[in-house]
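Chain and residue survey
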Amino acid sequence: MKALQKAFNIHSHKINKIEVIKNSKTAQEAYDMLETYAVNGFDSVPPEDKSYFLKCFGIYYRPATPEKFMLKLRIPGGFMTAEQARVIGECSLEFGQDYIDLTTRQQCELRYLTIESLPPIIKRLNAVGVSAFQTGVDNIRGIVADPFDDLAFDNVIPSHGTLLRLQDIFLEKPEWISTLPRKFNTSITGNLSNRCNVYGNDCCFALAQKDGVFGYNLYLGGRVGMLAKSADIFLKNEEEVLAAFSATIELFKRYGFRDNRNKSRLYFLIDSVGMQEMANSIREHAGIEFAHAGETMTTMNYIEADHGKIQLRDGTFGVHVVVPSGIFKGSSFIKAAELAIKHGNSELRFDMEQSFYFMGVKDLNALLQEDYFLEYKNIDTPYKNHLIACAGTEHCPFGVIENKNDAISMAEYLDEKVPLESGRVRMYWSACVKGCGIHGLGDIGFEGCKAKIEGINREGVHIFLGGKLSGESTEGQTVIKSVPLEYAKLYVESLMLEYKRLRNEGEDFESFHTRVLSYYTRAYVGFVMMLKAYLRAKNIDIVCGFETKVLTGKNEEFEVFELGRKLYYHLTKEEPYSSYERFTPGNKREKLTDIRKLVPGTDEVIVLMLEYMLNPDERLRAVVFSEITPYILLYNITKSID
């Protein structure tokens, strides 16, 4: 562990301001004052408790809702009883304006809570086994897992019991409350399907097999924009999982960086010493020579939400309830609890897409005939069925855009403009760069940002494509940056038109991206999304888009020239040049015939753009799409595009 010590020493010359606050007192001291604060009122809560210490217990002060708090609850693996759901719903209805957020970490949040209401709420929740301890700031957060675990046909190792033992290591233990350098996210699944974003966490236990023995491969270092990497460790049983986890969190607690808060996650410690050194240190600290990694088996995509149900091993069903953007109500939770008892086994389970399942349902038709499904769909449109959106500006101080309703608005717009009878399109929205909406893993991801129009800041998004949950997951990449929100829906509409036109029967968007879009550069994909929107806005009938046989080899200069050639041909029914060598005219002295003469009345912007794309002089020709993007910016169009 000398390398860990050396890396720590380099970063130990100063500590960040949060560490200074943490050193001023213990988190427990702040929590012990909660009853006193409730009696004396909001103004009696010290600034450091509001900004940090109370968050250790899931109590978040949100300036966007003055003098009101959010309470983040720990729901282990998304497992919840009907009784717990009922009490949570009652607390929301009585104290929190009947509002609940469902989260991407299989948890839920109560909002609009006064300081006076917190002690009675916490007592009522604790009475049914629901805790908010260590759900915020520098703690080991709620552990995510497969919502179906031992009940699913694809489950190999039931993991929920192991999850609870992992949780017992740190939960409500003073030595683990607010003692880490930064937050620490954990996941575990013994299933073949990746239903819990298993690779997107600091510490991940994914189903694996080695020499005919089933266990878990350990992955480490996941964070926003970075999936966890294999630690080359195979854990053959529960005791080894517990030992590896204990070693990992103890090493992070001891050697994690505390100087630059933006670089204090486990990822940065691993990045400094290398994964092999980290793995060796885990083995040394645990005192176990863990085997090298086996074959990872959690590689499949999930299908349950698309069918609205999943048959379970005991013959009953898990029945899907779509909650677009996770916007839920306490009264709806109370009703869900009643239905879980009436039609199921009194269990509800949250998934990673801010929705949930009734478990143990025997009579599907009887449940689905309930009025509950008039408000919350069992299967919604492909645009809403997998919709994720984090809190946004209404509830989060870091949010750049409103987010939740932005996500719903786009889904409804797309359903009107490009209706899909089937298919899967996972649209994941984060209101800021922190990525709580896991936008990088969406088929289409949105990250809130500011977008300028004529020098004036507007709400906007960066648009990502290519996130995947299959295999060992893949982070998406940006295709268009800083898009004003009012135009983002038009660009995604372009993409959906191409998906609908080119997809194979039953093909989901992730597979479509792999089969078609992945053969183009990101710049090409983004430009075509914008170009098609421009052409629709100007009522210009030119065929352009994507093809299933791509010959440009992801060479952007070739793509620019080839797209220009095709657009020219579609307009004029003539080739721009008589011959070509690679992606340039065969005869460099040959001039481009003026499109205006061949097709009078052609849009002048398109004419100028094509002349730039097809100039026979390579020195004067556009070679990257960013050079021609200004031609097709929608806010340059005087005609209404609404």
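Look up a bit, the structure's there.
Cut-offs used in this document
Residues numbered from 1 in each chain as written. Predicted model: local features only at pLDDT ≥ 70, side-chain atom pairs only at ≥ 80, totals over all residues. Heavy atoms only, no water. Helix = DSSP H or I, 4+ residues; strand = E, 2+ residues; numbered from the N terminus. Buried < 20%, exposed > 50% of the residue type's maximum accessible area, 1.4 Å probe, protein only. Contact = heavy atoms within 4.5 Å. Expected span 1.5 Å × (residues − 1). Polar contact = N/O pair within 3.5 Å; in protein donor to acceptor, adjacent residues only side chain to side chain. Phe/Tyr/Trp six-rings, centres within 6.5 Å; stacked < 30°, edge-to-face > 60°. Lys NZ or Arg CZ within 6 Å of the ring centre and 35° of its normal. Pairing = 2+ DSSP bridges. Axes fitted to C-alpha atoms, helices over the stretch in contact; angles between N-to-C directions. Parallel < 35°, antiparallel > 145°, perpendicular 65-115°, else oblique. Left-handed = near helix turned anticlockwise from the far one by under 90°. Nonpolar A, V, L, I, M, F, W, Y, C, P; charged D, E, K, R; others polar. Disulfide = S-S within 2.5 Å.

What follows deals with the environment of A64. Among the structural elements, A64 can be located in the loop between β1 (59-61) and β2 (69-73). Under the relative-accessibility criterion, A64 is labelled partly exposed at 44%. Leave out the neighbours within four places in its chain, and A64 touches T393 and E394.

So, about helix α20 (residues 556-572). Here α20 spans 24 Å end to end across 17 residues, near enough to the 24 Å set by a 1.5 Å rise per residue. Counting buried residues along α20, 12 of its 17 residues qualify, which places the element largely inside the surrounding structure. Looking only at α20, the buried set comprises F558, E559, V560, F561, E562, L563, G564, R565, L567, Y568, L571 and T572. By the N-cap criterion, in which a side-chain oxygen at the helix start approaches the backbone nitrogen of a residue two or three places on, α20 is capped by N555, the distance to E557 being 3.1 Å. Just downstream of α20, K573 is the residue with a positive phi angle, here 65°.

On to the packing of aromatic side chains. According to the stated counting rule, one finds 38 aromatic pairs in the structure shown. With a centroid separation of 5.6 Å and an interplanar angle of 55°, the aromatic rings of Y61 and F69 are classed as tilted. The exposure classification of Y61 matches that of F69, with both residues buried. On the numbers, 4.8 Å between centres and 80° between planes, the contact of F148 with Y357 is edge-to-face. One end of the pair, F148, is in the loop between β6 (144-145) and α8 (160-170); the other, Y357, is in strand β16 (residues 356-361), and 209 residues separate them in sequence. As far as burial versus exposure is concerned, F148 and Y357 are alike and both buried. Feature note: the residues F328, F333, F350, F356, F358, Y372, F373 and Y376 constitute an aromatic cluster, connected by ring pairs. Taking NZ or CZ as reference, R349 lies 3.7 Å from the ring centre of F79, over its face.

Looking now at the sheet that holds strand β13 (residues 317-321). Strands sit in the order β3-β15-β16-β13-β12 across an open sheet of five strands; the sheet is antiparallel. Sheet topology places β3 (79-81) and β12 (309-311) at the edges, where each strand pairs with a single neighbour. For this sheet, the mean angle separating the axes of adjacent strands, direction not counted, is 25°. Lying over the sheet, helix α13 (residues 330-343) contacts β3, β15 (347-350) and β16, oriented at roughly 20° with respect to β16.

Two numbers describe how helix α6 (residues 82-95) lies on helix α7 (residues 118-127): the axes approach to 10 Å, and their chain directions differ by 165°. Accordingly, the angle class assigned to the pair α6 and α7 is roughly antiparallel. Like other packed secondary-structure pairs, α6 and α7 cross with a definite hand, here right-handed. Contact residues: V87, I88, E90, C91, E94 and F95 in α6; I121, R124 and L125 in α7. Grouping the constituent residues of the contact of α6 with α7 by class yields six nonpolar, no polar and three charged.

Let's shift gears to the state of the cysteines. By the definition in use, this model includes zero disulfides. Free of any disulfide, C108 has its nearest cysteine sulfur in C91, 10 Å distant.

Assignment of secondary structure puts E498 in helix α17 (residues 485-502). Its relative accessible area of 2% is what places E498 among the buried residues. Discounting residues that sit within four places of it in the chain, E498 has contacts with R503, F512, K532, C544, G545 and F546.

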